[in-house]
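# Overview (structure and organization)
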Amino acid sequence: MIKLAVHKVKRFEDKTKTILHLYNFFTMFVIKQRELYALFPARRNAMKRKKIEFYVEEYRYEELNDTYRKLIAAAKEASKHSYAPYSHFSVGAAALLDDGNIVSGNNQENAAYPSGLCAERVTLFYANARYPEQAIEAIAITARDQAGETIAPVTPCGACRQVLLEAEQRYQKDICVLLCGKEKVLLVKSTKDLLPLSFGNEFLK
Ligand SMILES: [Zn+2]
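Worth saying up front: this structure is predicted, and the values here are computed from it rather than measured. (Residues numbered from 1 in each chain as written. Predicted model: local features only at pLDDT ≥ 70, side-chain atom pairs only at ≥ 80, totals over all residues.)

With that out of the way, let us pick up the overall build of the protein chain. Looking only at helices and strands, the protein chain features 4 helices and 6 strands. Tracing the protein chain from N to C terminus, the helices and strands come up as α-β-α-β-β-α-β-α-β-β. Burial statistics for the protein chain: of 205 residues in total, 25% are counted as buried. For the protein chain, the proportion of contacts with a sequence separation of at least 24, taken over those separated by at least 6, is 62%. (Helix = DSSP H or I, 4+ residues; strand = E, 2+ residues; numbered from the N terminus. Buried ≥ 20, exposed ≤ 12 C-beta atoms within 10 Å, placed from the backbone. Contact = placed C-beta atoms within 7 Å.)

Examined against the element boundaries, Glu149 turns out to sit in the loop between strand S4 (136–144) and helix H4 (158–171). Residues Glu149 and Lys182 lie 33 residues apart in sequence; the distance between their C-alpha atoms is 8.0 Å.

This part takes up the nonpolar core. Core analysis: the largest hydrophobic core is formed by 34 residues, its most contacted members being Leu71, Ala75, Ala93, Ile139, Ala140, Ile141 and Leu178. Among all residues touching Ala140, those that are not within four sequence positions of it are Leu71, Ile72, Ala75, Ala93, Ala94, Leu178 and Cys180. (Core = buried A, V, L, I, M, F, W, Y, C linked by C-beta atoms within 7 Å.)

Let us now look at H4. With 14 residues, H4 extends 20 Å between its outermost C-alpha atoms, agreeing within 8% with the 20 Å of an ideal straight helix rising 1.5 Å per residue. Every buried residue of H4 is listed here: Cys160, Val163, Leu164, Leu165 and Glu168. Positive phi appears at Gln172, one or two residues downstream of H4, with a value of about 50 degrees. (Expected span 1.5 Å × (residues − 1).)

What follows deals with the packing of helix H3 (residues 119–130) against H4. The geometry of H3 relative to H4 is characterised by a closest axis approach of 9 Å and an angle of 25 degrees between their N-to-C directions. In terms of their interaxial angle, H3 and H4 are classed as roughly parallel. The two elements H3 and H4 cross, and the hand of that crossing is left-handed. Contact residues: H3 offers Glu120, Arg121, Leu124 and Asn128, while H4 offers Cys160, Val163, Leu164 and Ala167. (Axes fitted to C-alpha atoms, helices over the stretch in contact; angles between N-to-C directions. Parallel < 35°, antiparallel > 145°, perpendicular 65-115°, else oblique. Left-handed = near helix turned anticlockwise from the far one by under 90°.)

Take H3 next. Compared with an ideal rise of 1.5 Å per residue, which puts 12 residues at 16 Å, H3 spans 16 Å between its outermost C-alpha atoms and is within 8% of the ideal. Residues Ala119, Glu120, Arg121, Val122, Thr123, Leu124 and Ala127 constitute the buried set of H3. Residues of H3 that are buried in the fold lie against strand S2 (90–97), strand S3 (102–106), S4 and H4.

This next bit is on unusual backbone geometry. One can expect most non-glycine residues to show negative phi and most peptide bonds to be in trans. Notably, His88 is not glycine yet its phi reads approximately 55 degrees, a positive angle. Structurally, the position occupied by His88 is in the loop between helix H2 (66–79) and S2. Non-glycine residue Leu197 carries a positive phi angle of around 55 degrees. Among the structural elements, Leu197 can be located in the segment after strand S6 (184–188).

This paragraph deals with the sheet that holds S4. The strand order across the open sheet built from 6 strands is S1-S6-S5-S4-S2-S3, with neighbouring strands paired in mixed fashion. Because the sheet does not close on itself, it has two edges, and the strands there are strand S1 (57–60) and S3. This sheet shows a mean twist of 20 degrees between the axes of neighbouring strands, independent of strand direction. Of the strand pairs in this sheet, S1 and S6 are connected by 4 bridges, and their pairing is antiparallel. Following the sheet pairing, Glu58 is matched in S6 by Leu186. (Pairing = 2+ DSSP bridges.)

Take His88: there are 11 C-beta atoms within 10 Å of it, and that puts it in the exposed class. Considered as a pair, His88 and Ala147 are 59 residues apart in the sequence and their alpha carbons are 9.8 Å apart.

One can find Asn110 in the loop between S3 and H3. Overall, Asn110 belongs to the exposed group, with 12 C-beta atoms counted inside 10 Å. Between the alpha carbons of Asn110 and Tyr83 there is a distance of 8.6 Å; along the sequence they are 27 residues apart. Apart from the residues within four sequence positions on either side, Asn110 is in contact with Ser115 and Gly116.

Quick look at the structure:
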């Protein structure tokens with residue numbers, strides 16, 4: 001009889017413990033959810049996910065037209081005269097202007113590193129300073145290693161992408177970007193593609 005009573009009490013205790021555990025778990029879950037909603041309100045309202053896509057076209061040199069081949073030759077020539085005593089990474093860029101003229105530039109380094117400038121910006125700023133009435137149609141970018149060999153296509157840094165975007169917006173004309181390697185050329189039709197969700201002049205109007 002006593003044994004039965006003890007057994008019943010134990011079962012009651014077990015049930016109480018289980019209920020308490022469930023209660024604790026539920027409370028913790030609700031609190032965690034509240035914290036999550038506070039951090040990510042979008043989770044409460046159906047979150048939208050958008051995909052941003054862009055295309056890169058790949059060409060062999062012989063597939064490009066004469067104008068682009070001439071532009072790339074100018075960028076390669078410019079890379080030979082870069083001033084890169086610290087990085088030994090020589091970059092050349094050439095911009096094709098609306099009137100067919102080509103201007104080129106290369107990276108200019110400085111012992112105070114941030115004072116130097118990339119080839120793309122040297123070229124763009126020179127083009128805009130010297131020919132402010134001319135929109136830029138295309139820019140070719142190439143780089144060479146210490147042995148003077150053209151390396152795989154290099155892409156512009158973030159700051160240069162921002163300056164490219166400004167030039168595009170200034171003249172309201174897409175700038176075609178040619179990233180030139182030893183054997184292949186990657187072509188992007190607008191600098192906007194290189195800088196998704198960019199900050200541009202539309203925010204300052
Ligand atoms: Zn740059």
